[in-house]
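Close look at the chain arrangement
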Amino acid sequence: MNIDLIVEIINLALSLVNNALNGGQPATAVTAALVQILQKGAQAYQQHTGQALDPSLIHVESPV
């Protein structure tokens, strides 16, 4: 996995945490950051395996 992608994902996650601790962000900004994290994760998966991520492998968790 590309170390640059890992650093980008960590920075996105840290920005979400930082903003949450400092009063929060609008839902659209949070959604955009989470989408970026997912895109970077899919990109890292593809670089690691050489295959695109299969969306059928992603399932919704059962409610607790």
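For the structure, see preceding data.
Figured I'd write up the structure that's included with this text. (Residues numbered from 1 in each chain as written. Predicted model: local features only at pLDDT ≥ 70, side-chain atom pairs only at ≥ 80, totals over all residues. Heavy atoms only, no water.)

We now examine the overall build of the protein. Secondary structure summary: the protein contains two helices and zero strands in total. Here the C-alpha radius of gyration of the protein, 14 Å, is well above what a compact globule of 64 residues would show, namely 11 Å. In terms of its C-alpha atoms, the protein occupies a principal-axis envelope of roughly 40 × 35 × 20 Å. Summing over all exposed atoms, the protein offers an accessible surface of approximately 5,100 Å²; the carbon and sulfur share of this is 62%. (Helix = DSSP H or I, 4+ residues; strand = E, 2+ residues; numbered from the N terminus. Rg over C-alpha atoms; globule rule 2.2 N^0.38 Å. Areas by Shrake-Rupley, 256 points an atom, 1.4 Å probe, with all protein chains shown as cover.)

Further remarks concern the environment of Ser15. Relative to the elements of secondary structure, Ser15 occurs in helix α1 (residues 3–21). Given a relative accessible area of 29%, Ser15 falls into the partly exposed group. Between the C-alpha atom of Ser15 and that of Ala42, which follows or precedes it by 27 residues, the distance is 20 Å. (Buried < 20%, exposed > 50% of the residue type's maximum accessible area, 1.4 Å probe, protein only.)

Moving on, we come to the packing of α1 against helix α2 (residues 27–49). One way to put it is that α1 packs onto α2 with a least axis distance of 10 Å and a crossing angle of 160°. Between α1 and α2, the angle is such that the two are roughly antiparallel. By crossing handedness, the relation of α1 to α2 is classed as left-handed. Residues Leu5, Glu8, Ile9, Leu12, Ala13 and Leu16 of α1 touch α2, and the partners they reach there are Val30, Ala33, Leu34, Gln36, Ile37, Lys40, Gly41, Gln43, Ala44 and Gln47. (Axes fitted to C-alpha atoms, helices over the stretch in contact; angles between N-to-C directions. Parallel < 35°, antiparallel > 145°, perpendicular 65-115°, else oblique. Left-handed = near helix turned anticlockwise from the far one by under 90°. Contact = heavy atoms within 4.5 Å.)

A surface patch of nonpolar side chains, about 290 Å² in accessible area, is lined by Leu53, Leu57 and Ile58. In this structure, Leu57 sits in the segment after α2. Residue class for Leu57 comes out exposed when judged on its relative accessible area of 54%. (Patch = residues over 30% accessible without salt bridge, like charges linked within 9 Å, V, L, I, M, F, W, Y side chains within 5 Å. Salt bridge = Lys/Arg side-chain N within 4 Å of Asp/Glu carboxyl O.)

Treat this as a map of the structure, not an account of what it does.
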